[in-house]
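A look at the structure
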Amino acid sequence: MKILFANRLFADGFTASSTTADGLGGIEIATQHIAKELVQLGHEVTVSVNIPDQLTEADVTWSPAKNLQQILQAGHGFDAIISSNDSLPFVWAGRDTQKNLLWQHNPMPLVKAWRKKQLLPILKTRPHLVCVGSYLEDSFSPLYPFSSRAVIGLAVSELFKKDPQGDIPRRAIWLSQSQRGLKETLTLWMEKIAPQVPGAEMLVFSCQHREQEYEAENLKKVGIRFMPRISQRELATYLNHSRIMIYPGARDETFCLAAAEALCSGVPVVTRGIGSLSERITHGVDGLIIKSPEETASASVKILTDDAYWQALRKGALASRETLSWRKVAENWVAHIQASSKQN
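Only a predicted model underlies this, so the values are computations on that prediction, with no experimental measurement involved.

Considering the nonpolar core
- In terms of nonpolar packing, the biggest core is built from 110 residues, with Phe5, Val47, Trp103, Trp189, Ile224, Met245 and Trp333 touching the most fellow members.
- Residue contributions to this core peak at seven residues, all from helix α10 (residues 257-264).
- In contact with Trp189, not counting residues within four places along its chain, are Ala172, Ala194, Pro195, Ala200, Glu201, Met202, Val222, Ile224, Ile246 and Leu304.

So, the layout of surface pockets
- Approximately 1000 Å³ is the volume found for the largest pocket.
- Lining the largest pocket are 33 residues; nearest its centre among them are Gly25, Gly26, Leu175, Gln177 and Ser206.
- Elements supplying a minimum of two residues to the lining of the largest pocket: α1 (26-40), α9 (232-239) and α10.
- Split into classes, the residues belonging to the lining of the largest pocket amount to 17 nonpolar, 11 polar and five charged.

Focus: unusual backbone geometry
- In this structure, Asp59 is a non-glycine residue whose phi angle is positive, near 65 degrees.
- In this fold, Asp59 is placed in the loop between β3 (55-57) and β4 (60-64).
- A relative accessible area of 59% places Asp59 in the exposed class.
- Even without being glycine, Arg126 reaches a positive phi, approximately 45 degrees.
- Mapped onto the elements of the fold, Arg126 is located in the loop between α5 (119-125) and β7 (128-131).

A look at α10
- Of all eight residues in α10, eight are buried, a share of seventy percent or more.
- All buried positions along α10 are accounted for by Leu257, Ala258, Ala259, Ala260, Glu261, Ala262, Leu263 and Cys264.
- Contacts made by the buried residues of α10 are with α9, β12 (244-246), β13 (269-271), α11 (277-280), α13 (307-318) and α14 (320-323).
- Two residues or fewer after α10 comes Gly266, characterised by a positive phi angle close to 85 degrees.

Things to note about a nonpolar patch on the surface
- On the surface, Trp114, Leu120 and Leu123 cluster together into a nonpolar patch covering about 360 Å² of accessible area.
- Mapped onto the fold, Trp114 is located in helix α4 (residues 110-115).

Description of the side chain of Arg321
- Here Arg321 lies in helix α14.
- A residue is classified by how much of its surface remains accessible, and Arg321, at 18% relative accessible area, is buried.
- For Arg321, the contacting residues outside a window of four places in its chain are Phe160, Lys161, Lys162, Asp163 and Cys264.

Considering the sheet that holds strand β14 (residues 287-289)
- As summarised here, the arrangement of the six strands in space is β11-β10-β9-β12-β13-β14, forming an open sheet in which the pairing is parallel. The open sheet has two free edges, formed respectively by β11 (224-226) and β14, since each of these has just one partner strand. Between one strand and the next, the sheet's axes are offset by a mean angle of 20 degrees, whatever the strand orientation.
- As judged from the two bridges shared by β12 and β13, these two strands associate in the parallel manner. Within the sheet, the bridge partner assigned to Ile246 lies in β13 and is Val270.

A few points about the packing of aromatic side chains
- Enumeration according to the criterion identifies eight aromatic pairs in this entry.
- Grouping aromatic residues by their ring pairs yields a cluster made of Phe5, Trp103 and Trp333.
- Over the ring of Phe255 we find Arg280, and its NZ or CZ is 3.8 Å from the ring centre.
- The ring of Tyr309 has Lys302 lying over it, and the distance from NZ or CZ to the ring centre is 4.8 Å.

Quick word on the sheet that holds β7
- A sheet is described by the order of its strands in space; here eight strands give the open sequence β3-β4-β2-β1-β5-β6-β7-β8, paired in mixed fashion. Either end of the sheet is taken by a strand with one partner, and the two such strands are β3 and β8 (149-151). Taking the axes of each pair of neighbouring strands and ignoring which way they run, one obtains an average angle of 25 degrees across the sheet.
- When β7 meets β8, the two strands line up parallel, connected through three bridges. Bridging from a neighbouring strand, Leu129 pairs with Arg149 of β8.

Here's the deal with the pattern of salt bridges
- Within this structure, the stated rule accounts for 13 salt bridges.
- Of the charged contacts in the structure, one is a salt bridge between Asp163 and Arg321, with a shortest N-O distance of 3.3 Å. With Asp163 in the loop between β8 and β9 (171-174) and Arg321 in helix α14, the pair connects residues that are 158 residues apart, well separated along the chain.
- Across the salt bridge formed by Arg171 and Glu201, the nearest N and O atoms sit 2.7 Å from each other. Taken together, the residues span a long stretch of sequence, with Arg171 in strand β9 and Glu201 in strand β10 (residues 201-204) at a distance of 30 residues. Of the two residues, Arg171 and Glu201, neither departs from the other in class, the shared state being buried.
- One continuous salt-bridge network, built from bridges that share partners, spans Arg170, Arg243 and Asp307.

Cut-off values and rules
- Residues numbered from 1 in each chain as written.
- Predicted model: local features only at pLDDT ≥ 70, side-chain atom pairs only at ≥ 80, totals over all residues.
- Heavy atoms only, no water.
- Core = buried A, V, L, I, M, F, W, Y, C linked by side-chain atoms within 4.5 Å.
- Buried < 20%, exposed > 50% of the residue type's maximum accessible area, 1.4 Å probe, protein only.
- Helix = DSSP H or I, 4+ residues; strand = E, 2+ residues; numbered from the N terminus.
- Contact = heavy atoms within 4.5 Å.
- 1 Å grid on protein atoms, 1.4 Å probe; cavity = no way out; pocket = protein on both sides within 12 Å on 5 of 7 lines; lining within 4 Å.
- Points joined across faces, edges and corners; volume = space filled by probe spheres on them.
- Nonpolar A, V, L, I, M, F, W, Y, C, P; charged D, E, K, R; others polar.
- Patch = residues over 30% accessible without salt bridge, like charges linked within 9 Å, V, L, I, M, F, W, Y side chains within 5 Å.
- Areas by Shrake-Rupley, 256 points an atom, 1.4 Å probe, with all protein chains shown as cover.
- Salt bridge = Lys/Arg side-chain N within 4 Å of Asp/Glu carboxyl O.
- Pairing = 2+ DSSP bridges.
- Axes fitted to C-alpha atoms, helices over the stretch in contact; angles between N-to-C directions.
- Phe/Tyr/Trp six-rings, centres within 6.5 Å; stacked < 30°, edge-to-face > 60°.
- Lys NZ or Arg CZ within 6 Å of the ring centre and 35° of its normal.

Given below as structure tokens:
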């Protein structure tokens, strides 16, 4: 098949060789992996990105976004047009429901769709909706006239599926944005967890700008370190040398790739199950879904101090390596595109 990722909103300069250190977000990372896997499965893939000139990397064609409207209006015989969080490219392509797949990563209430000028293109083209999780799919109003609705999850880079070298310290890790519960989690660590686990540390990623809000000496006393932005390869090393990920979740968290990466690294997740964390974690198998801050603290202390308990959860977490595969995600996309074609 000939497949186009018709995106107008990607990070500048994003191609197959880009990394998280270049400012890539979850959507770019997912597109990067799926495009490569689709090519390996024998399909022809073009990705529209913010680059000045067309180039080929990893056998994927990376096409300047400035040419997207012209390409779509000209046709070019694509079997599938996939657009992330943006229905406007389908207007340029015409109302061909066999081809148009809206790959949704974020919630979109009807009011938001109107404000973002997404509602009219959806009404006009009736694309197939593909969500990254059931939590997200359930949030879409039944009033949307999608041709079909489906869930195709994400996966994890092979970088996060390597076993650690050496011992794993009593280390917790934070991998989300600060507004998703960082302040409350650090307070819990300082007051309830660290005093019961001498020598434990907590590494905080993605939030270095918040470090100035705390006294350096106070952070040092409880083992909290704010980390700079690093590559996925470096992050994978930190993850598989951590013992626990503490993250309450967030209502706008629609898949939580960070939690998936933690699981594949053998790191159990302690969460309140907010947002998609309720479907990402299986309670008592690869982590714990807790209902209160007090329970979060006691569960975290147990995982950090009880080796047998931690190892049991770690075993469950590692089992997710097989299911969280980009090859399987790409195969699911191919099957869905073929099924969507038969519906029309």
